[in-house]
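Residue-level structure breakdown
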Amino acid sequence: MKVTIYDVAKKAGVSIATVSKVINNTGNISEKTRKKVLGVTKKLDFHPNVMASALTGKKTKTIGLLIPDLANPFFSELARNIEDSANNWGYNLIMCSTDYSSEKENKYLSLLKQKSVDGFILASGFEDLTKVQELIEENIPVSIIARDSPMIPINTVAIDDYMGGYQATSYLISLGHENIGIIALDVWSNRERVRGYKQALEDHGIKVPGNVEYAKEISIVWGKKITQNYLNNANPPTAIFTCNDLLGIGAIHAAREYGISVPEQLSVVGFDDTMLATLIAPTLTTMAQPIQIMGKEIMELMVGMIERNETIKRVTLMPELVKRESTAKVVKKVSS
């Protein structure tokens, strides 16, 4: 037989209202009573009926988190930090991986709305922002993380991707590199990094390449594939800026197969600073995103909207260059 809130109240010797306040972390309840009620809920294996709470207009203390690819270390680390921050606020997350698919994005948005989540954190590509706009018009708390969205009024925690691309490229130029390749995915954040890359080249009087060959997915395989294309050119680059650490690791693998030494013959810079950046040999120079701060900031914005109806805020954080072993000064060829 299913345990109810009445059973918990009777066993704990308190009122139903007290049990409700403890479960929802509201009201002025003594620590002794709180521990007693929580002990009973655990002993009886009591789980609040989230849907029933939603139907009565109460908060469900759940947030939907849409992630494009949990296999990507950046997004898995980001999801973990958001979850930790959510737990600190007394919220739970329902995570869905969208594979950068608009169809999956729409499906999960619809599903989570049926589950009556209190709000959404969107860390997916969301190239089509019409569904996001619909959430805003329905007064559903929603925030975007890891990409900017200047075209719609929405809570945002983003990195200055343009400046990240600019700084990474400028660093390679400071090492004497002029023939610098780039590997990116055709999504908003990477397009901004590409824009920064091109601007850095232009500002330093270096010819900007034409069309960028975008990877089909963020993976070691695609980093390797596009690097091989570069290395097969008559005039291969002396450095490559990759808009993700996985792509950077792929670039290092390709160089190794071609017998090209990193960083002596080819410098590689990644983006994100995931744990993989220190596991590859040589270790990867990369633009670090403050993942822990991002998770904390996005939950503060969400709680502000859900519990205090706070206004829209945009938080822009700066990436930081982390110098490791995959970059070095270009070796100038001496003419005979």
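The text that follows walks through the structure, step by step, so that each part is easy to find. (Residues numbered from 1 in each chain as written. Predicted model: local features only at pLDDT ≥ 70, side-chain atom pairs only at ≥ 80, totals over all residues. Heavy atoms only, no water.)

**Quick notes on the side chain of Arg147**
Within the element layout of this structure, Arg147 appears in the loop between β4 (142-145) and β5 (155-159). Judged by its relative accessible area of 5%, Arg147 is buried. Not counting chain neighbours up to four residues away, the residues in contact with Arg147 comprise Ser124, Gly125, Phe126, Glu127, Leu129, Thr156, Val157, Ala158 and Trp188. (Helix = DSSP H or I, 4+ residues; strand = E, 2+ residues; numbered from the N terminus. Buried < 20%, exposed > 50% of the residue type's maximum accessible area, 1.4 Å probe, protein only. Contact = heavy atoms within 4.5 Å.)

**Observations regarding the packing of helix α10 (residues 220-231) against helix α11 (residues 245-257)**
Relative to each other, α10 and α11 sit at 50°, their axes nearing to 7 Å. Our classification of the angle between α10 and α11 gives oblique. Like other packed secondary-structure pairs, α10 and α11 cross with a definite hand, here right-handed. Packed against α10, whose contacting residues are Ile220, Trp222, Gly223, Lys224, Thr227, Gln228 and Leu231, the element α11 presents Leu246, Leu247, Ile249, Gly250, Ala251, His253, Ala254, Ala255 and Glu257 at the interface. (Axes fitted to C-alpha atoms, helices over the stretch in contact; angles between N-to-C directions. Parallel < 35°, antiparallel > 145°, perpendicular 65-115°, else oblique. Left-handed = near helix turned anticlockwise from the far one by under 90°.)

**Quick notes on the sheet that holds strand β7 (residues 239-242)**
Strand order in the open sheet made by the five strands is β6-β7-β8-β9-β11, with mixed pairing throughout. The strands lining the two open edges of the sheet, one partner per strand, are β6 (180-183) and β11 (320-322). Within this sheet the neighbouring strands show an average axis-to-axis angle of 20°, counted without direction. Pairing geometry for strand β8 (residues 267-272) and strand β9 (residues 285-288), over four bridges, is parallel. By the bridge assignment, Gly270 is partnered in β9 with Thr286. Strand contacts of helix α9 (residues 188-203): β6, β7 and β8, with the helix running at about 170° to β6, the strand carrying the most contacts. Across the sheet, α11 lies against β6, β7, β8 and β9, angled at about 160° from β8, the strand it touches most. (Pairing = 2+ DSSP bridges.)

**What to know about the pattern of salt bridges**
A complete count under the given rule lists 14 salt bridges for this structure. The partner of Asp99 in a salt bridge is Lys104, and the shortest N-O contact between them spans 2.6 Å. You can call Asp99 partly exposed: its relative accessible area is 43%. For Lys104, a relative accessible area of 29% translates into the label partly exposed. Ionic pairing is found between Lys113 and Glu138, a salt bridge with its closest N-O pair at 3.0 Å. Of this pair, Lys113 sits in helix α6 (residues 102-114) while Glu138 sits in the loop between α7 (130-137) and β4; the two residues are 25 residues apart in sequence, bridging distant segments of the chain. Residue classification places Lys113 among the partly exposed residues on the basis of a relative accessible area of 35%. Classification of Glu138 by relative accessible area gives partly exposed; the value is 41%. One salt-bridge network, held together by shared partners, links Arg308, Glu310 and Lys313. (Salt bridge = Lys/Arg side-chain N within 4 Å of Asp/Glu carboxyl O.)

**Some details on the packing of aromatic side chains**
Scanning all chains against the criterion turns up three aromatic pairs. Considering the side-chain rings of Tyr162 and Tyr166, the 6.3 Å spacing of their centres and the 35° angle between planes classify their relative orientation as tilted. Of this pair, Tyr162 and Tyr166 both sit in helix α8 (residues 161-174), four residues apart, which is roughly one turn of that helix. Relative accessible area serves as the criterion here: at 19%, Tyr166 is assigned to the buried category. Here the aromatic rings of Phe241 and Phe271 are separated by 6.4 Å at their centres, their planes lie at 50°, and the arrangement is tilted. With Phe241 in strand β7 and Phe271 in strand β8, the pair connects residues that are 30 residues apart, well separated along the chain. Accessibility expressed as a relative area gives 0% for Phe241, which makes it buried. A relative accessible area of 0% places Phe271 in the buried class. It is Arg193 that lies over the ring of Phe271; its NZ or CZ is 3.7 Å from the centre. (Phe/Tyr/Trp six-rings, centres within 6.5 Å; stacked < 30°, edge-to-face > 60°. Lys NZ or Arg CZ within 6 Å of the ring centre and 35° of its normal.)

As far as function goes, none of this settles anything; it's purely spatial.
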